[in-house]
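# Close look at the chain arrangement
Listed below, chain by chain, are the residues.
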Amino acid sequence: MNTEGTRRDEIINTATKLFKEKGYSAVTMRDLATAMGMKAASLYNHINSKQEILKAIIISLAEEFTQGMDVIKKLDEKAIEKLKMIVALHVDITTRNPYGMASLNNDWMHLEEQLVYYLKLRESYEQDFVEIIKNGIASNEIVNKNPEVIMFSILSTLRSLYLWIPKKEEIDSKVLAENLSDLLINGINK
């Protein structure tokens, strides 16, 4: 059994929770060591820096979103169905990792060497999202409104799910995705 990978994963998971609670800038390696029940010097046997942890959290999530979008955009589906899949992608990733999503949303600007790469992933994701909306407008599935405003409206809700999900005892991610899709795509009109 690879205990190194497991211990490293434990450290990253603990740091993810601390980053959400205190914010990346306020957490020290000493805080992390205390939370792990080890000496600060021992952390460096498993991880090189707080920056390495942040990179592991944010880049892995950003790549997961990008890979999901790549699959969705290539499907031969109507734009509305693709939008529902995007909502489901966000619900799935957020329910599995709400603490990591807090870092993705709140701490991305602290990435150092990986900031340009992260911004490239985010920009590509948003461009694909807007393109799906434009295709939906062109095929008369979606109202002819500003595609970027539509994307921003949907993404604002999806990006804040990490705040709401941990407060719920049990979440059926499929039901949540269906409810969100219905509300975000169809609105609240009767």
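Everything here concerns the structure above.
This report concerns the structure included in the present document. (Residues numbered from 1 in each chain as written. Predicted model: local features only at pLDDT ≥ 70, side-chain atom pairs only at ≥ 80, totals over all residues. Heavy atoms only, no water.)

Counting its regular elements, the chain contains 10 helices and zero strands. Helices (α) and strands (β) of the chain occur, in sequence order from the N terminus, as α-α-α-α-α-α-α-α-α-α. Dimensions along the principal axes, computed over C-alpha positions, put the chain at roughly 60 × 35 × 35 Å. Within the chain, the proportion of its 190 residues that are buried is 41%. (Helix = DSSP H or I, 4+ residues; strand = E, 2+ residues; numbered from the N terminus. Buried < 20%, exposed > 50% of the residue type's maximum accessible area, 1.4 Å probe, protein only.)

Here we come to the packing of helix 5 (residues 79-96) against helix 10 (residues 173-186). Helices that pack against each other are described as a pair by the angle of their axes relative to one another and the distance between those axes. Direction vectors running N to C along helix 5 and helix 10 enclose 135°, while the axes themselves pass 9 Å from each other. Judged on the interaxial angle alone, helix 10 and helix 5 are oblique. Considering how the two elements wind past one another, helix 5 and helix 10 form a crossing that is right-handed. For the pair helix 5 and helix 10, contact is made by Ile 80, Leu 83, Lys 84, Val 87, Ala 88, Val 91 and Thr 95 and by Ser 173, Leu 176, Ala 177, Leu 180, Ser 181, Leu 184 and Ile 185, respectively. When its residues are assigned to classes, the contact of helix 5 with helix 10 shows 10 nonpolar, three polar and one charged. (Axes fitted to C-alpha atoms, helices over the stretch in contact; angles between N-to-C directions. Parallel < 35°, antiparallel > 145°, perpendicular 65-115°, else oblique. Left-handed = near helix turned anticlockwise from the far one by under 90°. Contact = heavy atoms within 4.5 Å. Nonpolar A, V, L, I, M, F, W, Y, C, P; charged D, E, K, R; others polar.)

Here the focus is the packing of helix 4 (residues 50-74) against helix 5. Between helix 4 and helix 5, the least distance of the axes is 10 Å, while the angle of their chain directions is 155°. As judged from the angle between their axes, helix 4 and helix 5 are roughly antiparallel. Once helix 4 is placed against helix 5, the crossing between them reads as right-handed. Contacts between helix 4 and helix 5 involve Leu 61, Glu 64, Phe 65, Gly 68, Met 69, Ile 72 and Lys 73 on the former and, on the latter, Lys 82, Met 85, Ile 86, Leu 89, His 90, Ile 93 and Arg 96.

This paragraph deals with the nonpolar core. The biggest cluster of nonpolar side chains holds 57 residues, and the ones touching the most others in it are Leu 32, Ile 53 and Phe 129. Residue contributions to this core peak at 10 residues, all from helix 4. Ignoring anything within four residues of it in the chain, the contact list for Ile 53 reads Ile 11, Ile 12, Ala 15, Phe 19, Leu 32 and Ile 47. (Core = buried A, V, L, I, M, F, W, Y, C linked by side-chain atoms within 4.5 Å.)

With the rule as written, the count across this model stands at nine salt bridges. Residues Glu 64 and Arg 96 are paired through a salt bridge, measuring 2.3 Å at the closest nitrogen-oxygen approach. One end of the pair, Glu 64, is in helix 4; the other, Arg 96, is in helix 5, and 32 residues separate them in sequence. Looking at Glu 64, the relative accessible area reads 25%, which means it is partly exposed. (Salt bridge = Lys/Arg side-chain N within 4 Å of Asp/Glu carboxyl O.)

Bringing the side chain of Asp 107 into the picture now. For Asp 107, the position within the fold is in the loop between helix 6 (98-106) and helix 7 (115-138). There is no salt bridge for the buried Asp 107, and the closest opposite charge comes from Lys 50, which lies 8.8 Å off by N-O distance. In this structure, Asp 107 is in contact with Phe 19, Tyr 24, Leu 54, Ile 58 and Ala 102, ignoring residues within four places of it in sequence. (Lys, Arg positive; Asp, Glu negative; His and termini not counted.)

What follows concerns helix 7. Each turn of an α-helix holds 3.6 residues, which means side chains three or four residues apart point in the same direction. Look at helix 7: 34 Å from first C-alpha to last across 24 residues, which is about the 34 Å you get at 1.5 Å a residue. Among the residues making up helix 7, those that are buried are Tyr 118, Leu 121, Tyr 125, Asp 128, Phe 129, Val 130, Ile 132, Ile 133, Gly 136 and Ile 137. The positive-phi residue at the C-terminal boundary of helix 7 is Asn 140, with phi of around 65°. (Expected span 1.5 Å × (residues − 1).)

Turning to the environment of Tyr 162, a few remarks are in order. Inspection of the secondary structure assignment puts Tyr 162 in helix 9 (residues 161-164). Tyr 162 gets classed as buried once you look at its relative accessible area, which sits at 8%. C-alpha separation for the pair Tyr 162 and Ile 86, spaced 76 residues apart in sequence, amounts to 16 Å. Apart from residues no more than four positions distant in its own chain, Tyr 162 is found in contact with Lys 20, Thr 94, Pro 98, Met 101, Ala 102, Asn 105 and Asn 106. A distance of 3.0 Å separates polar atoms of two side chains, one belonging to Tyr 162 and the other to Asn 106. (Polar contact = N/O pair within 3.5 Å; in protein donor to acceptor, adjacent residues only side chain to side chain.)

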